[in-house]
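# Structure at a glance
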Amino acid sequence: MQITCTQVWNNCLQIIKDNIPAQSFKTWFEPISALKLEDRVLTVQVPSLFFYEWLEEHYVGLLRKTVKQQLGDEGRLEYNIVVDKSTTNGALPYTTNMPSNGNGSTNRKQSMPVPVNINRDIKNPFVIPGLKKMNVDPQLNPSYTFEAYVEGDCNRLARSAGHAVAAKPGATSFNPLMIYGASGLGKTHLAQAIGNEIRRSLPDKLVIYVSCEKFCQQFVESLKNNTINDFVNFYQAMDVIIMDDVHNFAGKEKTQDIFFHIFNHLHQSGKQIIITSDKAPKDLSGLEERLLSRFKWGLSADLQIPELETRIAILRKKMYADGIDLPDEVVEYVAHNIDNNVRELEGAMVSLLAQSTMNKKEIDLQLAKSMLKNFIKNTTKEVSMDYIQKLVCDYFEVPVHLLKAPTRKREVVQARQISMYLAKGMTKSSLKTIGAFFGGRDHSTVIYACQTVEDLIQTDKKFRAYVNDIEKKLKMS
């Protein structure tokens, strides 16, 4: 029986799903559909050029291996890219083929939005009544920029999508762009960074940032003052609208209705909409289904709790911006213990600096532990490297003394690398300290070991199960 393109692609998806995070799979692979299979060439359809570029940049290796596993060494993958040519006559999207080798070429997405006549005398709800409106104040914080936003695995998708939107507002498939995640993870910073970048590179664009709460207050005022038309016309005149915390629309039916019509007008006119929320569209309650369906039109990108390396990078960037210098062990201690969100992380640093200034004491690890004990929730005794080493050796039945020996036996190297990886993630020890503990090795060896383990966790399902099992045992101890 001849295998179909759908069967081949479904087999590929099963392998890919086991090797990448669930959210990444949902975002980047679920929207792909198989089109045809000819002469060991599998053609799949992706929704945009940016989509193709992201896959080629971040998953080309995994895709190549997976396709060759299904179709043999001669197997190849080609993309059929939907390119949305929005025109005033409503032309339909078209597609173009691109090989998966980085050498293909295609007509980039073009956009010819429906022109809108902007009345520059429209009443601005951000301006006190009676004052002459000169220019639209975007209500953006100038310190919220891409340069000040530290990139990590926790936010890479959202940040990359933000860059794409800032470069071509209204002309990508990310419209609306919805950024969601728990409080304090940087949603407002990223959303405003997009707005600031648009204003820098495209100064003629009218950009406005407004919180959902502020929007609701303005709507109520317009009802009281009988200025609904001015209110609606103002927002419909914007080229980019950034709406923060749309989950606050819950239960406000009339406000949802007015935003629904503003949303439709902007979207149909090729204008960019950026929204933030504490939950994904499917998890929002109290919002009308027609509004939720529109939130799902573009891209929903989540922000997750930053990993340790990103937290350290955030603290170092803040230290540099404030012109201060702290010992590495203090930075690592704060980053290791404050793992809820970025706002708490920066708040802990500010608290530490304030305490140091008021008490005129130099900041060291002892002071950090003392000053932050009420700020940091998790101050329980950390797992020791001795215990990590013993548990790993028992798990793989490797003599403990061999982990510090120069032997290169595969089972010993694997146990040593996993031990270093767990020591880095579950203790407050520096890379130098970890290397010294495991036989006097330098910090670069620890970095290599951790990267090796992370790579295997992503690509080897059996190895990932080993590490997860050991981590559970350590947390239960």
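Residues numbered from 1 in each chain as written. Predicted model: local features only at pLDDT ≥ 70, side-chain atom pairs only at ≥ 80, totals over all residues. Heavy atoms only, no water.

## Structural notes on the overall build of the chain
Helix and strand counts for the chain come out as 19 helices and nine strands. Counting every position in the chain, which comprises 477 residues, the buried fraction comes to 47%. About 24800 Å² of surface is accessible on the chain, with carbon and sulfur atoms providing 49% of the total. (Helix = DSSP H or I, 4+ residues; strand = E, 2+ residues; numbered from the N terminus. Buried < 20%, exposed > 50% of the residue type's maximum accessible area, 1.4 Å probe, protein only. Areas by Shrake-Rupley, 256 points an atom, 1.4 Å probe, with all protein chains shown as cover.)

## Concerning the UniProt feature "binding site: ATP" (unreviewed entry) in the chain
Per the UniProt record, the feature "binding site: ATP" (unreviewed entry) sits at Gly184, Gly186, Lys187 and Thr188. Relative to the helices and strands, Gly184 resides in the loop between strand S5 (177-180) and helix H6 (187-201). A relative accessible area of 6% means that Gly184 is categorised as buried. Filtering out sequence-adjacent residues up to four positions away, Gly184 remains in contact with Asn341, Val342 and Arg343. In this fold, Thr188 is placed in helix H6. Once residues lying within four places of it in the same chain are set aside, the contact partners of Thr188 are Tyr144, Tyr209 and Asp244. (UniProt positions renumbered as here; feature names shortened; annotations may be inferred. Contact = heavy atoms within 4.5 Å.)

## A few points about the environment of Ala368
With respect to the helices and strands, the residue Ala368 is situated in helix H14 (residues 365-371). Separated by 39 residues in the primary sequence, Ala368 and Glu329 have C-alpha atoms spaced 9.7 Å apart. In contact with Ala368, not counting residues within four places along its chain, are Val330, Tyr333 and Leu352.

## Side note on the sheet that holds S5
Spatially, five strands are ordered S6-S7-S8-S5-S9 in an open sheet, and the strand pairing comes out parallel. Either end of the sheet is taken by a strand with one partner, and the two such strands are strand S6 (207-211) and strand S9 (299-302). Sheet twist, expressed as the average angle between the axes of neighbouring strands with direction ignored, equals 15 degrees. Pairing analysis gives four bridges linking S5 to S9, with the strands arranged parallel. Residue pairing for S9: Met178 is matched across the bridge by Ser300. Contacts from helix H5 (residues 156-167) reach S5, strand S8 (272-277) and S9 within the one sheet, and its direction differs from that of S9 by about 135 degrees. (Pairing = 2+ DSSP bridges. Axes fitted to C-alpha atoms, helices over the stretch in contact; angles between N-to-C directions.)

## Structural notes on the side chain of Ser277
Among the secondary structure elements, Ser277 is positioned in strand S8. Under the relative-accessibility criterion, Ser277 is labelled buried at 0%. Within the local environment of Ser277, its side chain forms a polar contact with the backbone oxygen of Lys279, the two atoms lying 3.0 Å apart. Those residues in contact with Ser277 that sit more than four places away from it in its chain are Met178, Ile179, Tyr180, Gly181, Lys187, Val246, His247 and Leu284. (Polar contact = N/O pair within 3.5 Å; in protein donor to acceptor, adjacent residues only side chain to side chain.)

## A look at helix H9 (residues 253-268)
With 16 residues, H9 ought to run about 22 Å at 1.5 Å a step, and its terminal C-alpha atoms sit 22 Å apart, in line with that. Directly beyond the C-terminal end of H9, a positive phi value near 75 degrees is found at Gly270. (Expected span 1.5 Å × (residues − 1).)

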